[in-house]
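These are the residues of each chain, in order.
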Amino acid sequence: MLITLCYLYLWARWGRRPAALVRTTVQRLRASRCSFTFCGAAAQPRDARVCLSRGGRVFCVGESQCIDDLNKWALFLVSPFILEAEHIAFVTESIWVQGENLQRPSSSSDTIVKWSDCCLPLACRPGDPYQLIARASVDDFSKLGVAFLEDRLQMANGLIPQKIVSVHLQESALKELKDQASDTQARTLQPNGESPVESKPEPDAMEHMGRSDSQVLGSAPTQGKGSAPGGEPAGESDREVGSVEHCHLHLSSCHECLELENSTIESVKFASAENIPDLPYDYSSGLEGIADLSLEREGRRVNITGKAPNILLYVGSDSQDAQGRLQLVRSALADCVDTDCYTLYHLSPESALRDPWSDNCLLLVIATREPVPEDLSRKFMAYLSQGGKVLGLSSSFTLAGFRVMSKAPLQDTVQSLVFCKADQSRVKLSVLSSGGVYEGGPDQLLSLGKLQGHLDSEDEDRLIVQVPFGTRGGEAVLCQVHLELPPSSPIVQTQEDFDLLKSNNSRRYEVLKEILTTLGLSCDLTQVPALTPIYLLSVAEEIRVPLMQWLGKHVDPEGVIKSSKLSLKFVSSYTSEIEVTPSAIPVVTDMEAFSSENFDFEIYRQNLQTKKLGKTVLFAEVTPTTMSLLDGLMFEMPQEMGLIAIAARQTQGKGRGRNVWLSPKGCALSTLLVSIPLRSHLGQRIPFVQHLMSLAVVEAVRSIPEYQEVLGIEPRTLCMLSMCSTT
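Residues numbered from 1 in each chain as written. Predicted model: local features only at pLDDT ≥ 70, side-chain atom pairs only at ≥ 80, totals over all residues. Heavy atoms only, no water.

Going by what an unreviewed UniProt entry lists, the chain is known as Biotin--protein ligase isoform X3 and is assigned to Camelus bactrianus.

Structural data, given as structure tokens:
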């Protein structure tokens, strides 16, 4: 009891010191127009003074950070209200994290501080990092900062906060906000009282779309004048002039959007496809007895497991040695598998315990000599029991009945290996041994798969074993040879060993590919194509002339437009002497020189029926990513020019967050700039846009003769999407 009272006293006396220190510092220095920053210690601003440090994160005070241009920000507020004197404006920088269980669990739900409960969002700027401008009182701003320092700050929609910094909005930015708010209300309060939306939805449609609460990053809607409880805001004509109003967005956490997304996924999951065998609907419970869920199509193995094409690499703790090993494993696998079919991701110990990775993993590679923690080992075994595939590379990880025995004389030495393939043929090669061998009882040895590798010696020690696991097709191939290391590895001890390994390097890859193929992956390599120039195309002369005039005013003396990601050099013609790199790409403006086997611009022109979208085309046969092609142009070029970037193939396709976007030849790869008014019905339900785009693609395909039934979409989904498109 006495000890408990002591703890309570210490907490009461010292527990709130960080919060009090932050709040006092902000209150005293706010008038000096300095900036307050909460960030990781490594990201500390130069010349900033650290006031508090907690667990690798710091609170510091530095020079004023100003924002004077909001052209590239999407505004949330559409009212004359800007910023009250007692409030602080600040920017939160966040990143997207893959997976569903994104937030670390807290010991108590009371300790979590929700970002949306402490501030009001003003504007956002999508990208990496994702940036949000918000305002909060001094107390709430201090509360957010302390929660960030103590890793208790929670954001919605998969966002993880990385930095919070107070900013000062310049007079020009404040005037811009006020002008935009005034313009919006002027358009809203039309003399006839009509809503500016082009077509009005039916009452039942409006009732359905208003059933779920609107949200801004998880915040509850604020009911004010002109709002009906539980429904859509009243018509614009009912609102008072100059009233303070906030447009709440439907984000991905909205129940209505999630319901629509789930129904769409279910519809697509049952879409028909040629030559795909019938499988049980529930992949997690209906694959008993099915050992190989891949098939051959045109000589290539096709993944039909329903899982994302992810290869996850686990290399142990986050040390410098582990990072080096990660790069070696990634490089070796990238040389073996078809990178147009698979993505390689690092699986950290924290993510392995926290995220639902097993549902989106085709192959788990374990490449660490460190003992695998017991909780992680259980995770890996559960993945195997669900039909997962595991490749162990010189790892201590093993299955029940087998153990890794250490033989010191073998460690990091070159040994002769006899490898038995699945077709019973044999390959003999020199390999770099890890120093471990596999031992098991007679029952375990009888249950081994066809792949085996043993030393070419009297003992025939086992260095490679294939172990089936469970009844759902799970299996592991475990190796105690360094198939991931090149001959130039620092652990190769002598020149003689290097020469032996180099002469056997092609066989090392042969063995590794045989293992990967047995585990269900395709190792049909496709050559990475060289980057090509971009062609600037216009569908009509009335677009072409103002476009060229605009370019003439915005390129530098060398004909270049630079952005944060790349430089576009506009040239009249292309010659082989002009270099094409990921950071510098030539853009050919002469349309007469354009021809492509993959993109028929004349057919594109004839079928384009939009008023603005897609009128100006940036086309490349091969480019890193179409996302970067628009960078530096999309916020500058007039919207009536309808900019779109199209590529036949991408070499560095990007998905959301840090995800990779597979981009083989034959995909419809494009990035389209679409401007959606925030106050429109669709603007308040941004997640619907992805479904509308998907529906447009489906409808386009089904309009082609003999393709009317190629995809099946639930009538309910079609109804909801069509209803949304009319609003």
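Text resumes after the structure shown.
Visitor: Got a minute to help me understand the environment of Tyr314 in this structure?
Guide: Along the chain, Tyr314 falls in strand β14 (residues 310-314). For Tyr314 and Thr368, which are 54 residues apart along the polypeptide, the C-alpha to C-alpha distance reads 7.5 Å. (Helix = DSSP H or I, 4+ residues; strand = E, 2+ residues; numbered from the N terminus.)

Visitor: Honestly, the packing of aromatic side chains in this entry has me stumped. Any pointers?
Guide: Each aromatic ring pair is summarised here by two numbers: the centre-to-centre distance and the angle between the ring planes. Within the structure shown, the criterion is met by 16 aromatic pairs. Here Phe38 and Phe59 contribute two aromatic rings whose centre-to-centre distance is 4.7 Å and whose plane-to-plane angle is 15 degrees, an arrangement assigned as stacked. Here Phe38, found in strand β1 (residues 35-40), pairs with Phe59, found in strand β3 (residues 57-62); they are 21 residues apart in sequence, far enough to count as distant. Both residues of the pair, Phe38 and Phe59, belong to the buried class. A ring pair is formed by Trp357 and Tyr383, whose centres lie 5.3 Å apart and whose planes are at 50 degrees; its orientation type is tilted. Within this pair, whereas Trp357 is found in the loop between α9 (349-354) and β16 (363-366), its partner Tyr383 is found in helix α10 (residues 374-385), the two being separated by 26 residues in sequence. Through pairs of rings, three or more aromatic residues link up here, namely Tyr535, Phe594, Phe599, Phe601, Tyr604 and Phe619. (Phe/Tyr/Trp six-rings, centres within 6.5 Å; stacked < 30°, edge-to-face > 60°. Buried < 20%, exposed > 50% of the residue type's maximum accessible area, 1.4 Å probe, protein only.)

Visitor: Is there a simple way to think about the pattern of salt bridges in this case?
Guide: On inspection of all chains with the given rule, the structure shows 13 salt bridges. The shortest N-O distance in the salt bridge between Arg57 and Asp151 comes to 3.7 Å. Placement of the pair is Arg57 in strand β3 and Asp151 in the loop between α4 (138-149) and β10 (153-154), with a sequence separation of 94 residues. The exposure class assigned to Asp151 is partly exposed, which follows from its relative accessible area of 38%. The partner of Glu150 in a salt bridge is Arg152, and the shortest N-O contact between them spans 2.8 Å. When salt bridges with common partners are traced through the structure, they connect Arg54, Glu150 and Arg152 into a single cluster. (Salt bridge = Lys/Arg side-chain N within 4 Å of Asp/Glu carboxyl O.)

Visitor: What am I meant to see in the confidence of the model for the chain here?
Guide: When pLDDT is averaged along the chain, the result is 75; 71% of the residues meet or exceed 70. The least confident element of the chain is helix α6 (residues 203-209), whose mean pLDDT is 34; the most confident is β16, at 95. With pLDDT under 50 throughout, residues 105-109 is counted as low confidence; its partners more than four residues away or in other chains account for two contacts. (pLDDT = per-residue confidence, 0-100. Contact = heavy atoms within 4.5 Å.)

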